[in-house]
Every structure is written in structure tokens, then in C-alpha cells.
Amino acid sequence: MSGARLPEGFGDLERYCDTWGLHTTRERHAVRCGSTMEEIRDFYDAMTDRAAEACDLIDSYALDSLPPQVNNLMALVLGLAQAHVAVEIHGQPRAPGTPWPNSLKIVRGLPMLG
Amino acid sequence: MNVNTMAKPFAGVTTFTQSCGLGTAPVPLEPYRSAAFFERERTQVFERAWLVAGRVEEIPNYGDYITVNLLPGNVPAIINRGKDGTVRAFYNTCSHRGSQVLDAGAGNAKRIVCPYHAWTYAADGDVVSIPDEPSFFNVDKKACGLSRMSVDVWEGWIFVNLQKQPEVGLQEFLGTFADRLAGVPYVAADRPIVLQADLDANWKVVQDAFIESYHIPAIHKKTIAETFSSDENKFARLLDARVFGPHRTVSMYGNPAMSIDPAHKVTMLAYASGDTGSLISAGTSAQMDAFLRHDAVNPTGSDCWSMDVNNIFPNTQIDFGPGGFWVHQFWPLTENTSRYEVKFYVPEPLTARQRLQQEMYVARVIEVVLEDLANVARTQRGIDSGGNDFMQIQDSEVGIRHSMDQLLKWVDAPSVTEALR
């Protein structure tokens, strides 16, 4: 399918590309901090179901030169890192008692999608 | 070297405060809120001590530069590498009319051109061209290079000193701490993740939160408490603490019984195929092996080890953990505000799961930092209330006591040599 943002077979996840699948850690962090637990859970459930399959597909390419659709899929996998903070650590969107927005800046992220 | 061996760990109290030669009296709070003390720190400590300004991996090639803003005095500096491979530091100011010659950031400049009138300097600081030079009045180009700042490199760490002629060299400043940390391999040092925050707390309030593990079971209940404490060591008492002049090392307990909950699908996915028991590993097992075998890493050789905190006076902290190293810096802004910066180092990922694991590590670290940041603002407001003049410091907080002990010495000492005595 031309114009698709994700590799074939992952089209149902496109609805998350503009939130959890944004291309910087800072943006994905902001999405989690601004989401309700319901919204986080929705992405977490949908994405964890497909995550192993997604990782296997991504690994069939060189990680430092992913085609655009595969790169978008990688960004969604990285969105899980944020969702896991809420679901697997805090049980709520943000750490209790921490301010949002706050003054913490990611001055330099990881080289790829960071 | 003071060695503490305990037949039965954590059965009794530790005695690091005494073995480090420190007193046990309450510690004054005035240095955490006083404008007068802040001013003395600026001139007596930050303008006399060697300060960590970066690592050599940040400027690997001829012309590479970074800019730094040295607080609390707001002194802008350039650190670069010359054609001869030498690391140099300069005040970021043009010899013509004073403009900053480079904007904040990093890059490569084999020629440094001032944006104001295009005075041009070589990477070694010499002025190479002055536009319309004949209209000046016998300008001595040799004397018009960029102003040099004192700089030295130790084990890849770039230090600067704001004294025009530093009273003591870097080696003397580091003393026996340099011997202890000699040869530590800084794995993945060329790949930092940098986080920064301006905080409503004196820089020491922030630093204090990172040099003791007593607070972890309370403040970081869900994020990392399980890593640092257990039923055997409920209050995360220390494994070791040693002082080296103004510098120090504290080794923290770790809970080896930590396990992954199978219901945690993302954690399972990222870690299922991995061989690392810690949150992340910075290098290959061979690289990590050399790091972990170094005498200064997990110095007691404990099976229950989480991390070591290495403080280079006054404001730099190099942490060692099972997965590598990371660095905190605490810079004063005013008597009750500060700038906090932390750099984590991770290797190039080879698989999607490794990349996810790194992202989870960064995400968790951010949560831990946010918990600390909320805590330091709360602490500063309490200190500023004036309700107390002293704080009670226990043995696991020995790093805080030593830090204050040294600062009080430095602000009074007429010379650096005396401060180091």
C-alpha cells in the first residue's frame, strides 16, 4: 500500500504514529505525561501484542539505516518505554508528587529516535 | 586505606563517619541559604578549584570544540582540539571588542571567526587575520590571541581552572584520588545522553540527594527502591565510604534478589533475551569485564552492590554501576537555585530489543531524577523557613558531612594549598 506509514501488516497501529510513535524521546515522554491511564493502557495493550513481531521485523534491517516505515515502527516500539513507566512502574501516568510540566530538558537524546 | 569488613553485613550500625576521620556533630544549614556564603563559595571554591568541563571524546578531531558556561560566575569558555592534537581552553571573548566568538553549542571550527567584525583565530587561539588591519594603530597581533584559560586532562576528563595561574596543578588537586581511579575504562564515553534542569534549590541540596542511599526506600519507592534495599538492609546502609582529601567514594548496597514480574510485558520483551541483570550495560561483556574488575569499581567486591559514588570536589560526581558509568554535575546559580546536569553513556544498540532496553533505561532515569527534583525544592523551602539551623546526619549520609567539612575549609582557607592540607 503506497503512502502507508508502517510496514505491511502493522497498519492498525497507524493511529498511534502521531503520539506514541513521535520521533524524539522528549515528545514521547510528553505524550505519556499528558495522557490518561486509559489512553496509556489502550496503546500498551495494542502495542505489546505486536511488539515481538515488530522487533523481529526491524531486526531484519540494519538498525542504523531503517527504511522510513520501519523507522516509524521502531518509534512505536520505543513508545512502549514510556507506556511501561506508567503501567509497570507507577500504576498512574506520572511519578507521584512530581510536577508536569517541569524544567527537566533532554539536551541530547540517544542518536537514533532519541 | 580504611577497610571496613563486617562479618555479618548490616547486623549492626556502620562506622564510616569515624573511619573517614569526621566529627559527629550536627551540620550547619546556613551554607544552604546564605547569600554571603554563596559569594564566598563562588570566589573561594569555584574560582580556585579545578572543575570538570567535559571529556576528550567530545572533541576527538582537529577543530572540534564545545562551549561551556562556568557557573556561578557565568564565565563562557571554549574547549577545543588544535592541529597539534592538544586540548586547549579559552575565554569565549574576542580580543577586539569583547564579543563572544562562538555561540553556545558544539561543532568544528579550524578557524574561529568572530561574528561581530570577522576577526579570525586559529584553533590554537592565535589571531590569523584582522580585517582592515592598516586602520588599527600598530596592533600587536601576537598579543591579540584568544585569552587562554587554564586547562588539563586526566584520564580523559577535561578540567579547567579560573585562576590565571592555578596555585596547584591538577595532579596535586586530585591527589591520591587520581591513583585510585587510574585506568578505569570509561565505556561508551563517546555516546552521552544529556539531561539538564534548573532547580529551586541550593546546589548542595541537590548534590546531597545523590550521595546518600538512605532516602531511596522512601522517595524512590517504586522506581529503584527494590534495587537499593532489601529485608536484610531495609535502610540501604552503605557498603563502604572513603575520603581522599576533598574527594570521596561511597559504595552502595544493591539487592541481588530483584526479579522481573512476568506480567510486565515490556520489561519481559526487552530483557528476555538479554544476559544483563542490571537495567542496562554500557558495553560488550569484555569491555564491561575490564571495567567491573577495576579495584575502584565495587571496591568491597560485594555480591550485594548497586553503585559507587565518586565525588570530585566541588561539584562533579562520577557514578559506577554494574552497567557502566554516568556523571552528575551540580552548578550554583544563586544561594537557592542551581543547574543540574546528568550524562549517561550507552553503547550503539544492535537489535530493536536492545534499543528498547536503552529507551526504558532513559525513561526510568528521568522518573528517578524527577522524584529527586520535586524533593530538593521541598527541602530548600524547609531550609529557607529558618526553623532549624542544623541538620542531623547519620552514618549513611557521611558523604554530606564530608562535603560540608571540605567546603567550610575552602571558603576560609587563604590559599588552595592550605585548603588541601
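What you see is a predicted model; the values in this text were computed from it and never measured.

Caption draft 1: Summary view of the overall build of chain A. Scanning chain A for helices and strands turns up three helices and one strand. Seen through its principal axes, chain A has C-alpha atoms that stretch 45 × 30 × 20 Å. Scored against the burial criterion, the 114 residues of chain A give a buried share of 50%. Residue pairs at least 24 apart in sequence account for 74% of intrachain contacts in chain A once pairs closer than 6 positions are excluded. Carbon and sulfur atoms provide 50% of the accessible area of chain A, an area that totals close to 5,100 Å². Between the centroid of the 10 positive side chains of chain A and the centroid of its 15 negative side chains there is a distance of 12 Å.

Caption draft 2: Region of the structure containing the sheet that holds strand β3 (residues 64-70) of chain B. Residue and element names in this part refer to chain B. Across the sheet, which stays open at both edges, the seven strands sit in the order β2-β11-β10-β5-β4-β3-β6 with antiparallel pairing between neighbours. On the outer flanks of this sheet lie β2 (51-55) and β6 (106-108), each paired with one strand and no other. Adjacent strand axes in the sheet meet at a mean angle of 30 degrees, parallel and antiparallel pairs treated alike. Sheet topology note: the strand β5 (residues 87-91)/strand β10 (residues 148-154) ladder contains two bridges and is antiparallel. Looking at the pairing, Phe90 lines up with Arg148 of β10.

Caption draft 3: Structural detail: helix α10 (residues 352-384) of chain B. Taking 1.5 Å per residue as the helical rise, α10(B) with its 33 residues ought to reach 48 Å, and the 48 Å between its terminal C-alpha atoms agrees with that figure. Here α10(B) lies mainly inside the structure; 27 of its 33 residues are buried.

Caption draft 4: Highlighting the pairing of strand β13 (residues 238-244) of chain B. All names here are of chain B. In terms of residue burial, β13 counts as a mostly covered element, since six of its seven residues are buried. With six bridges connecting them, β13 and strand β14 (residues 247-253) associate as antiparallel partners. Paired with Phe244 across the strands is His247, a residue of β14. Hairpin remark: β13 followed by β14, antiparallel, with two residues in the connecting loop; positive phi at Gly245, about 60 degrees.

Caption draft 5: Here's a closer look at the nonpolar core. Ile79(B), Phe173(B) and Phe325(B) are the most contacted members of the largest nonpolar core, which has 112 residues in total. The greatest single-element share of this core, amounting to 10 residues, is contributed by α10(B). Contacts of Ile79(B), omitting those with residues within four sequence positions, involve Ala53(B), Ile59(B), Asp64(B), Tyr65(B), Ile66(B), Val68(B), Val87(B), Arg88(B), Ala89(B), Ile158(B) and Val160(B). By size, the runner-up hydrophobic cluster in this structure holds 39 residues, among which are Phe43(A), Ala51(A), Val266(B) and Leu356(B).

Caption draft 6: A look at the interface of chain A and chain B. Facing 43 residues of chain A, the contacting portion of chain B comprises 40 residues. Overall, the association of chain A and chain B removes approximately 3,500 Å² of surface from exposure, summing both partners, and the carbon and sulfur fraction of that is 64%. Here chain A and chain B share three salt bridges between them. At the junction of chain A with chain B, the criterion picks out 15 residue pairs in polar contact (both at pLDDT 80 or more). For the side of chain A that touches chain B, the secondary-structure elements that each account for two or more residues are α1 (25-33), α2 (37-58), α3 (68-90) and β1 (105-108) of chain A. By residue class, the composition of the side of chain A that touches chain B is 22 nonpolar, 12 polar and nine charged. Here β1(A) runs beside strand β12 (residues 192-199) of chain B; their pairing, made up of three bridges, is antiparallel. Bridging from a neighbouring strand, Lys105(A) pairs with Gln196(B) of β12(B).

Conventions and cut-offs
- Residues numbered from 1 in each chain as written.
- Chains lettered and ligands numbered in written order.
- Predicted model: local features only at pLDDT ≥ 70, side-chain atom pairs only at ≥ 80, totals over all residues.
- Heavy atoms only, no water.
- Helix = DSSP H or I, 4+ residues; strand = E, 2+ residues; numbered from the N terminus.
- Buried < 20%, exposed > 50% of the residue type's maximum accessible area, 1.4 Å probe, protein only.
- Contact = heavy atoms within 4.5 Å.
- Areas by Shrake-Rupley, 256 points an atom, 1.4 Å probe, with all protein chains shown as cover.
- Lys, Arg positive; Asp, Glu negative; His and termini not counted.
- Charge placed at Lys NZ, Arg CZ, Asp CG, Glu CD.
- Pairing = 2+ DSSP bridges.
- Axes fitted to C-alpha atoms, helices over the stretch in contact; angles between N-to-C directions.
- Expected span 1.5 Å × (residues − 1).
- Core = buried A, V, L, I, M, F, W, Y, C linked by side-chain atoms within 4.5 Å.
- Buried area = accessible area lost by both parts, 1.4 Å probe.
- Salt bridge = Lys/Arg side-chain N within 4 Å of Asp/Glu carboxyl O.
- Polar contact = N/O pair within 3.5 Å; in protein donor to acceptor, adjacent residues only side chain to side chain.
- Nonpolar A, V, L, I, M, F, W, Y, C, P; charged D, E, K, R; others polar.

Structural measurements only, silent on function.
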